Amino acid sequence: MGYLLWFGIVVVIFIWMHYFTALTLRKKGIVSLLLAMIVGNAILYNIMNELKSKHIAAIELKFTNGETFVCNKVKVNNKDFTYSVGTQSFIGNENSQYTQQIFSASECE
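Predicted model only: the values in this text are computed from it and were never measured.

Novice: What is the right way to read the nonpolar core from this model?
Specialist: By size, the foremost hydrophobic cluster in this structure holds 14 residues, and its most contacted members are Phe69, Cys71, Val76, Phe81 and Phe90. Of all the elements in the fold, those that place two or more residues in this core are helix 2 (25–64), strand 1 (69–71), strand 2 (74–76) and strand 3 (81–84). Of all the elements, helix 2 adds the most residues to this core, at three residues. Sequence-distant contacts of Val76, that is, excluding residues within four places in its chain, are made with Glu67, Thr68, Phe69, Cys71, Phe81, Phe90 and Phe103.

Novice: How do you make sense of the pairing of strand 4 (residues 89–92) when you look at a structure like this?
Specialist: Consecutive residues of a regular strand have side chains that alternate between opposite faces of the sheet. Relative to strand 4, strand 3 runs antiparallel, the two sharing four bridges. Across the sheet, residue Phe81 finds its bridge partner in strand 4, namely Gly92. Counted along the chain from strand 3 to the antiparallel partner strand 4, the turn is four residues long, and its residue Gln88 has a positive phi close to 50°. The sheet contact formed by strand 4 and strand 5 (residues 102–104) spans three bridges and is antiparallel. From the neighbouring strand, Phe90 faces strand 5, where its bridge partner is Phe103.

Novice: Would you mind going over a nonpolar patch on the surface with me for this structure?
Specialist: On the surface, a nonpolar cluster with roughly 470 Å² of combined accessible area is contributed by Tyr3, Leu44, Ile47, Met48 and Leu51. Top element by residues in the nonpolar patch is helix 2. It accounts for four residues. Residue placement: Met48 occurs in helix 2.

Novice: Even after reading the chapter, I still don't get unusual backbone geometry, so can you show me in this structure?
Specialist: When glycine is set aside, most residues are seen to have a negative phi, and most peptide bonds are trans. Backbone geometry at Asn72 places phi at a positive 50°, although glycine is not the residue there. Along the chain, Asn72 turns up in the loop between strand 1 and strand 2. Even without a glycine there, the phi angle at Gln88 is positive, about 50°. Tracing the chain through its elements places Gln88 in the loop between strand 3 and strand 4. In this structure Gln88 comes out as partly exposed when scored by relative accessible area, which is 34%.

Novice: Would you mind showing me how to read the sheet that holds strand 4 here?
Specialist: Two orientations exist for strands paired in a sheet by backbone hydrogen bonds: parallel and antiparallel. Pairing is antiparallel in the open sheet, where three strands are placed in the order 3-4-5. Looking at which strands have only one partner, the edges of the open sheet turn out to be strand 3 and strand 5. With direction set aside, neighbouring strand axes in the sheet form an average angle of 25°. Helix 2 rests against strand 3 and strand 4 of the sheet, and its axis sits at about 140° to strand 3.

What counts and what doesn't
Residues numbered from 1 in each chain as written. Predicted model: local features only at pLDDT ≥ 70, side-chain atom pairs only at ≥ 80, totals over all residues. Heavy atoms only, no water. Core = buried A, V, L, I, M, F, W, Y, C linked by side-chain atoms within 4.5 Å. Buried < 20%, exposed > 50% of the residue type's maximum accessible area, 1.4 Å probe, protein only. Helix = DSSP H or I, 4+ residues; strand = E, 2+ residues; numbered from the N terminus. Contact = heavy atoms within 4.5 Å. Pairing = 2+ DSSP bridges. Patch = residues over 30% accessible without salt bridge, like charges linked within 9 Å, V, L, I, M, F, W, Y side chains within 5 Å. Areas by Shrake-Rupley, 256 points an atom, 1.4 Å probe, with all protein chains shown as cover. Salt bridge = Lys/Arg side-chain N within 4 Å of Asp/Glu carboxyl O. Axes fitted to C-alpha atoms, helices over the stretch in contact; angles between N-to-C directions.

Below you can see the structure in the form of structure tokens.
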């Protein structure tokens, strides 16, 4: 619903330009198209970030529940790794074979 509001704003700007500016119809169309593309890219960016956040949350939940998953062809679990919330990454424990290896949660499957 919020995304439709932004496209509504683009339409209102086009109507405003149509009646209150001396721009040609072609220039008005170009400005409206550019605004629509900017809004569309912003919406796409937000959707992609939301999907990434959901993926990271699912990986965090697996880690918390003691499940094993794969990051860069390495099996990650809560026995061999610790999770850093600030960097959203898994860090190999000192007493494991993965000492000092770091994997970003976003690259895990």
